[in-house]
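If you want the building blocks of each chain, they are given just below.
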Amino acid sequence: MRGTNRVEGLWSSWFLNSDEYMGNLAADREWLSPVSRYPHSTTPTSVDTHNSDSARTSVLFVCLGNICRSPLAEGIFNHLVREAGLDDRFDIDSAGTGAWHEGERPDARAAMVATKHGVELGSRARQITSDDLDRFDYVIAMDRENLRNVSRMVDSSDSDAEVHLLREFDEEEGDEVPDPYYGGASGFETVYEMLHRSCQTLLERLKAA
Ligand code: 4NP
């Protein structure tokens, strides 16, 4: 565990739930410039072995609301880890950068697609905190807006969490996991497939790390 995260007060004062943040979210939707810290490549990325002294690897999946993409990613990754008999090696969770859905179960459409594929979703929505950056080795963002917000938190703290865009690990070409919230059920199937492919490769990389 690392020391107290000095960004907490600042972070919670402007980012969490603030009108300014809500306004920024709207502006951020226009933001598509490359992220220099973790440039995307269509070749599945490698992960550092900075946590190789620990027997367990902790992974936090992050989206905006924590009711669609990141709970699905958490459930799929959990499922793959269990299938591989690696439960004792991983701690897995998810969170949102926003707090609108705190305490809620995953969106019904996410739950439906998960059930169809035999994946259990056990999460309740919560907002990412600075403590998460101390607890988790890897923070995996669904889109560039999430990546930018999480990277900003990490940069302002003494966390050495490794931050990635999930689709860095997708064997198929792609960049973000699109937000399916305002679309129909078919969008959730597409998102499920992206998440599943990406989580498979992520697990392979983390097993090898
Ligand atoms: P998620 O999807 O980030 O994948 O959980 C969303 C869920 C809710 C909202 C946006 C995205 N919302 O604006 O309430």
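Scroll up to find the structure this text is about.
Residues numbered from 1 in each chain as written. Predicted model: local features only at pLDDT ≥ 70, side-chain atom pairs only at ≥ 80, totals over all residues.

Participant: In this structure, what is going on with the pairing of strand β1 (residues 57-63)? I would like to understand it.
Facilitator: Within β1, 6 of the 7 residues are buried, which leaves it mostly tucked inside the rest of the structure. Alignment of β1 against strand β2 (residues 90-96), held across 7 bridges, turns out to be parallel. Opposite V62, over in β2, you have A95 as the bridge partner. Since β1 and β2 lie parallel, the crossover through helix α3 (residues 69-83) that links them has a hand, and here it is right-handed. (Buried ≥ 20, exposed ≤ 12 C-beta atoms within 10 Å, placed from the backbone. Helix = DSSP H or I, 4+ residues; strand = E, 2+ residues; numbered from the N terminus. Pairing = 2+ DSSP bridges. Right-handed = clockwise from strand over helix to strand, strands pointing away.)

Participant: Explanation requested: helix α4 (residues 108-116) in the structure shown.
Facilitator: Burial in α4 covers these residues: R109, A110, V113 and A114. All buried residues of α4 project into a common sector of 135° when viewed along the axis, lining one side. Summarising the geometry of α4, the exposed residues directed more than 90 degrees from the buried face are A108, T115 and K116. Buried residues belonging to α4 abut α3 and α7 (185-208). Directly after α4, the chain includes G118, whose backbone phi takes a positive value near 75°. (Arc of directions from axis to C-beta. Contact = placed C-beta atoms within 7 Å.)

Participant: I keep staring at the pairing of strand β4 (residues 162-165) and nothing clicks. Help me out?
Facilitator: In summary, the side chains of a regular strand alternate between the two faces of the sheet. Pairing geometry for strand β3 (residues 138-141) and β4, over 4 bridges, is parallel. In the strand pairing of β4, A141 is matched with L165. For the handedness criterion, the β-α-β arrangement of β3, helix α6 (residues 144-155) and β4 is classed as right-handed.

Participant: Please clarify how the packing of α3 against α7 should be interpreted in this entry.
Facilitator: Packing of α3 against α7 leaves a shortest axis separation of 9 Å and a crossing angle of 45°. Our classification of the angle between α3 and α7 gives oblique. Helix-helix and strand crossings are classified by hand; for α3 and α7 the assignment is right-handed. Along its contact with α3, which presents R69, L72, A73, I76, F77, L80 and V81, the element α7 presents V191, Y192, L195, H196, C199, Q200 and L203. (Axes fitted to C-alpha atoms, helices over the stretch in contact; angles between N-to-C directions. Parallel < 35°, antiparallel > 145°, perpendicular 65-115°, else oblique. Left-handed = near helix turned anticlockwise from the far one by under 90°.)

Participant: Is there a simple way to think about the sheet that holds β1 in this case?
Facilitator: Backbone-to-backbone hydrogen bonds pair the strands of a sheet. The strands run either parallel or antiparallel. Taken in spatial order, the 4 strands of this open sheet run β2-β1-β3-β4, and their pairing is parallel. Each having just a single partner strand, β2 and β4 make up the two edges of the open sheet. The mean inter-strand angle of the sheet, taken between neighbouring strand axes irrespective of direction, is 20°. Sitting on the sheet, α3 touches β1 and β2, and the angle it makes with β2 is about 170°.

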